[in-house]
Amino acid sequence: MEETAQQDVVFLELRQKLQSGLLFIRSDAVRDDADVKIESKQDSTLSVQTPERTYEVKLASAVSLVQTWCQRSPADTQHGSHFRLRLKLEQPTEAPCSVIGQLRVNVTYSFLCQSCGSMVLRDRTFGRVLPLPNGNWNALVDDWCCHPDPFANRKLLPRDGDCLLGDTFLLLARDSSCEQTLVREENSLQKASAEQKRSSKRVTVSCRSCSAALGEEVTAEVLKLYVTEVLVKPREDGECDITQLRLESEPNSERQRFLERTLAARLVELSSAQSIFRFSIQTPDDKAVILLWLLNTDTLVASFPDAAARGDSFISADEVHPGEHQSCRAAQAVKVLYILCSDSKLQDVVDVWEKDISVHPLPLPQSSCEELQKLLMSSTSRLPTFLRCMNSYQVAYMQM
């Protein structure tokens, strides 16, 4: 199948900070720009009317068109028409927090397997919730200390009642209940250093119910659980489910949306807290898989695939009518540039990133790296052709 076969009929991108937007309509959906009517309704709905059908996008309550007209972009492409929109923004939509951003002391949580929903850890209350140093902290030790590295060959581990927060994982103390819910499996691990390759053993921790890998065993008493593999729920006391468990979609789509939202939220948090915008997505053996460049965090996006909104659309439709009317809700998203490290043509770019200390490593399980790669490529394939690339990088959107 050709790449253009997956391209969405209508694609909408809104930038809240710039108060502007871009609307693209594929050439086979409308022949003449004069046939397109765009207007804003009172209920924060953007209506796009073409001769064959009407597309409606539900916007955030604080976003609307300045006027009921749009201005054609000077640029044109043979693949369709695109229009520039001017917006009125009363208040920017806040990005949702990730699990790592919401864990608190003296609150009781339960940890579930994201794949099957089985309970992994029950009723954990933390006396301390502390962030770990970022991934490049040991490279800066020489600038902090005037004597030999005091942290050499030492791991930062949680005590009982602690929860240590990594960029993509949690470190927790193991308890006796883990024997009934988790399974240990030893794997050989190859790590490449500048001088030589060293081999070690890595103990994978999996869900006993479905065998899904959830993380690793750091020591016999400490677990590392990746936030892309577990759901975290506060005790049933009226509090909100911080992982938004209820996703009305098919199982595969639910997994993709959970992974997408979790990583998008972490990218926003890291960029806001540490001014980090370039990331190296890595496997547990420190092998870079994807180079990710965060561009925008204030984006709202919506799209309509062929005929009717399909289940694999990266923006899920609230209500779809196969006839003349289709509608969906605009979703918060981050816009990213990315490179797949497996692309031999871009090895020079990969080499430069790997040597740059400002590039932030984000470790993920091998399976999640592969899922993220497919998710990004799928997002790119649905974009208008002229929006898919930026220099050597591919363009994608990740929903929050």
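Refer to the structure printed above.
Residues numbered from 1 in each chain as written. Predicted model: local features only at pLDDT ≥ 70, side-chain atom pairs only at ≥ 80, totals over all residues. Heavy atoms only, no water.

1. Looking at the overall build of the chain
From N to C terminus, the chain includes six helices and 26 strands. Across the 400 residues that make up the chain, the buried fraction comes to 48%. Summarising the internal contacts of the chain: among those between residues at least 6 apart in sequence, 64% fall at separations of at least 24. (Helix = DSSP H or I, 4+ residues; strand = E, 2+ residues; numbered from the N terminus. Buried < 20%, exposed > 50% of the residue type's maximum accessible area, 1.4 Å probe, protein only. Contact = heavy atoms within 4.5 Å.)

2. Here we look at the pairing of strand E18 (residues 230-234)
Successive residues of a regular strand alternate their side chains across the two faces of the sheet. With respect to burial, E18 is a largely interior element, four of its five residues being buried. Pairing geometry for strand E9 (residues 108-113) and E18, over five bridges, is antiparallel. Bridge pairing in E18 links Tyr109 to Pro234. (Pairing = 2+ DSSP bridges.)

3. Side note on helix H6 (residues 366-382)
With 17 residues, H6 ought to run about 24 Å at 1.5 Å a step, and its terminal C-alpha atoms sit 25 Å apart, in line with that. Residues of H6 that are buried: Ser368, Cys369, Leu372, Leu375, Leu376, Ser379, Thr380, Ser381 and Arg382. (Expected span 1.5 Å × (residues − 1).)

4. Describing the nonpolar core
Ranked by size, the top nonpolar core spans 27 residues in total, and within it Leu23, Ile25, Ile38, Val57 and Leu85 carry the most contacts. Looking at this core, the elements that each hand over two or more residues are strand E1 (10-15), strand E2 (20-26), strand E4 (45-49), strand E5 (54-58), strand E6 (63-65), strand E8 (80-89) and strand E20 (288-304). Looking at this core, the element that brings in the most residues is E8, giving four residues. Formed by 26 residues, the second largest nonpolar core is a distinct cluster that contains Leu103, Val129, Cys207 and Val227. (Core = buried A, V, L, I, M, F, W, Y, C linked by side-chain atoms within 4.5 Å.)

5. As for the side chain of Ser98
Relative to the helices and strands, Ser98 resides in the loop between E8 and helix H1 (99-102). Relative accessible area serves as the criterion here: at 5%, Ser98 is assigned to the buried category. Within the local environment of Ser98, its side chain forms a polar contact with the side chain of Glu269, the two groups lying 2.7 Å apart. Apart from the residues within four sequence positions on either side, Ser98 is in contact with Thr262, Ala265, Arg266 and Glu269. (Polar contact = N/O pair within 3.5 Å; in protein donor to acceptor, adjacent residues only side chain to side chain.)

6. Things to note about empty space enclosed by the protein
Taken as a whole and judged by the stated rule, the model has one cavity of 30 Å³ or more. If you add up the space inside the largest cavity, you get close to 40 Å³. Here the lining of the largest cavity gets three residues from one element, more than from any other, and that element is helix H4 (residues 251-274). Counted by class, the lining of the largest cavity contains seven nonpolar, no polar and one charged residues. (1 Å grid on protein atoms, 1.4 Å probe; cavity = no way out; pocket = protein on both sides within 12 Å on 5 of 7 lines; lining within 4 Å. Points joined across faces, edges and corners; volume = space filled by probe spheres on them. Nonpolar A, V, L, I, M, F, W, Y, C, P; charged D, E, K, R; others polar.)

7. Digging into the pattern of salt bridges
Enumeration over the complete set of coordinates arrives at 14 salt bridges. Two residues, Glu56 and Lys41, come together in a salt bridge whose shortest N-O distance is 2.6 Å. Note that Glu56 is positioned in strand E5 and Lys41 in the loop between strand E3 (37-40) and E4, a separation of 15 residues in sequence. For Glu56, a relative accessible area of 15% translates into the label buried. Residue Lys41 is classed as partly exposed on the basis of its relative accessible area, which comes to 35%. For Asp162, the salt bridge is made with Arg128, and the minimal N-O distance between the two is 2.7 Å. With a gap of 34 residues between them, Asp162 in strand E12 (residues 162-165) and Arg128 in strand E11 (residues 128-131) connect regions that are remote in the sequence. Overall, the relative accessible area of 5% leaves Asp162 in the buried class. Given the relative accessible area of 36%, Arg128 is considered partly exposed. Beyond isolated ion pairs, a larger network of salt bridges with shared partners links Arg174, Glu179, Arg184 and Glu217. (Salt bridge = Lys/Arg side-chain N within 4 Å of Asp/Glu carboxyl O.)

8. Concerning unusual backbone geometry
At Asp123, a residue that is not glycine, the phi angle is positive and equals roughly 50°. Here Asp123 is to be found in strand E10 (residues 119-125). Exposure remark for Asp123: the relative accessible area of 41% places this residue in the partly exposed category. For Asn391, which is not glycine, the phi torsion reads 55° and is therefore positive.

9. Describing the sheet that holds E18
Ordered by their spatial adjacency, three strands build an open sheet running E10-E9-E18, and the pairing between neighbours is antiparallel. Two strands in the sheet have a free side with no partner beyond their single neighbour: E10 and E18. Across the sheet, the axes of successive neighbouring strands diverge by a mean angle of 20°, strand direction being ignored. (Axes fitted to C-alpha atoms, helices over the stretch in contact; angles between N-to-C directions.)

10. Here we look at the environment of Lys201
Its place among the elements puts Lys201 in strand E15 (residues 197-207). Its relative accessible area of 62% is what places Lys201 among the exposed residues. Separated by 15 residues in the primary sequence, Lys201 and Glu186 place their C-alpha atoms 6.5 Å from one another.

11. Looking at a nonpolar patch on the surface
Nonpolar side chains collect at one region of the surface, where Phe277, Trp293, Leu295 and Met390 lie side by side and expose about 330 Å² of accessible area between them. With respect to the helices and strands, Met390 occurs in strand E25 (residues 389-390). Relative accessible area serves as the criterion here: at 34%, Met390 is assigned to the partly exposed category. (Patch = residues over 30% accessible without salt bridge, like charges linked within 9 Å, V, L, I, M, F, W, Y side chains within 5 Å. Areas by Shrake-Rupley, 256 points an atom, 1.4 Å probe, with all protein chains shown as cover.)

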